[in-house]
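Inside the fold
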Amino acid sequence: MSPLEEAYAGCQRLAQSHYENFPVASRLLPAHLRPHIAAIYAFARIADDFADEPGRDVEERLRLLADWRARLHSRQVLPPDNNQSPDKNQPPGKSPFPDGNSPPGFVFPALHDTIERFELPVSLFDDLLDAFTQDVTTTSYATWDEVMDYCRRSANPVGRLVLRLSGYRRDGLDQASDAVCTALQLTNFWQDLAIDWSRGRLYVPDEAWRRHGAAPETLDGHQISREWAAALQECADRTRRLFAAGRTVCDGVSGRLRYELRATWLGGVRILDRLEASGFDVYHARPRLGAGDALVIGCKTFFWS
């Protein structure tokens, strides 16, 4: 196995080791695209961990993300078989990574190869890093416009990158993809409300919870009040409209990608259904997709109507 093949294999192992509600480099994707999807996922997964995983202060998180951005642009990367060597670009004793070591060295050899092969806009990766950085510095949002702008950078680039990998560069598909990706991101916010609040973060915009008379401090009681249920219903209604607006992307592509996008869309809607059915009680019944859901989604994916 060549060093580049080893780099892609490392990205695929990382992608397969993380639980996700939505498919990551799944069997529904064309086989030749899976390593490239995994490379993009590995880049984003590690950056997201920099922003979210416990045990780091704000300054360290920002240093890690800044270094990740520098690696994206510099092409000066570690060899893929050197997963824990000190970063040669850092002066001795100044490495921004935990214990003076760098993160897995396989990510950027694979990612840069993917970017070059498919002529992917680096700006989309910068958008992702902007969103992760915002997660470190911003803990709440006043308006829906602010939340949607965050989703534009945190979620929408992923859909556009998948379309570019598959050879699609059409405005209509991009817009439909953006709607689905934003809906998936919003669904994840409502699903993870309790987790995010425990970390001091709230994605339900002020204008939504104020409209229904809810108050953030009541979430400390680990209960979803009637006011919060009403606010979250507004959030779910908006999210469902986005799923509906973006549904056309599932049939705007062909081949195996069509089935991957259908499964992703169906998985997101199913989580939203579960949230509504539970009264948004994410403290006691955070919805997850299991084997039974996979069977239902699989059937609906191939018998789409």
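Residue numbering note: each chain is counted from 1, following its sequence as written. Whole-chain, interface and lining totals are the exception, using all residues; otherwise, since this is a predicted model, local features are given only for residues with pLDDT of at least 70 and side-chain atom pairs are given and counted only at 80 or more. For the side-chain quantities, the full set of heavy atoms in the structure was used; hydrogens and water were omitted.

Thoughts on the overall build of the chain
Quick reminder of the rule: Only DSSP runs of H or I with at least four residues qualify as helices, and only runs of E with at least two residues qualify as strands; both kinds are numbered from the N terminus onward. Only protein chains enter the accessibility calculation, which uses a 1.4 Å probe; a residue is then buried when its area is under 20% of its type maximum, exposed when over 50%, and partly exposed in between. Only heavy atoms enter the contact rule, under which two residues are in contact if any of them lie within 4.5 Å. Accessible surface is estimated by sampling points in the Shrake-Rupley manner with a 1.4 Å probe; for residues, cover comes only from the protein chains shown.
Looking only at helices and strands, one finds 13 helices and 0 strands in the chain. Counting over 305 residues, the chain shows a buried share of 52%. Sequence-distant contacts, at least 24 apart, represent 72% of the contacts inside the chain between residues at least 6 apart. Put simply, the chain shows about 14000 Å² of open surface, and 52% of that area lies on carbon and sulfur atoms.

Notes on helix α8 (residues 171-191)
Here is the rule we go by: Residue count minus one, scaled by 1.5 Å, sets the expected span of a helix.
With 21 residues, α8 extends 30 Å between its outermost C-alpha atoms, agreeing within 8% with the 30 Å of an ideal straight helix rising 1.5 Å per residue. With 17 of 21 residues buried, α8 is to be regarded as a mostly interior element.

A short note on helix α2 (residues 34-52)
Over its 19 residues, α2 extends 26 Å from the first C-alpha to the last, a length consistent with the 27 Å expected when each residue adds 1.5 Å. Counting buried positions along α2 yields 18 of 19 residues, so the element is predominantly enclosed.

Digging into the pattern of salt bridges
Side-chain pairs of opposite charge can arise whenever the charged atoms involved come near each other. We count it as follows: We count a salt bridge whenever a side-chain nitrogen from Lys or Arg sits within 4 Å of a carboxyl oxygen from Asp or Glu.
Summed over the entire model, instances satisfying the criterion amount to 20 salt bridges. The residue D67 makes a salt bridge to R71 at a minimum N-O spacing of 2.5 Å. Residue D67 and its partner R71 are both found in helix α3 (residues 58-74); the two are separated by 4 residues, about one turn of the helix. There is no split in this pair, since D67 and R71 are both buried. R240 is the salt-bridge partner of D273, the closest N and O atoms lying 3.0 Å from each other. Placement of the pair is D273 in helix α12 (residues 255-277) and R240 in helix α11 (residues 226-246), with a sequence separation of 33 residues.

Remarks on unusual backbone geometry
The phi dihedral of E119 falls on the positive side, at around 50°, and the residue is not glycine. Locating E119 in the fold gives a position in the loop between α4 (107-118) and α5 (122-137). You can call E119 exposed: its relative accessible area is 66%. In this model, F280 sits at a positive phi of 65°, which is unusual for a non-glycine residue. The residue F280 is located in the loop between α12 and α13 (291-302) in this model. Take F280: its relative accessible area is 3%, and that puts it in the buried class.

Here's the deal with the nonpolar core
The cut-off we apply is this: Grouping buried Ala, Val, Leu, Ile, Met, Phe, Trp, Tyr and Cys residues that are joined through side-chain atoms within 4.5 Å yields what is termed a nonpolar core.
In this structure, F43, W68, F125, W190, V204 and W228 are the most contacted members of the largest nonpolar core, which totals 92 residues. With 12 residues, the single largest contributor to this core is α2. Every residue in contact with W228, bar those within four places of it in the chain, is listed here: L202, V204, W209, A214, A215, P216, T218 and L219.

Considerations on the confidence of the model for the chain
As a reminder, the rule being used: pLDDT: the predictor's confidence for each residue, scored from 0 to 100.
Taken residue by residue, the chain gives an average pLDDT of 88. The fraction at 70 or more is 88%. Every residue in residues 77-101 is under pLDDT 50, and counting partners more than four places away or in other chains gives 51 contacts.

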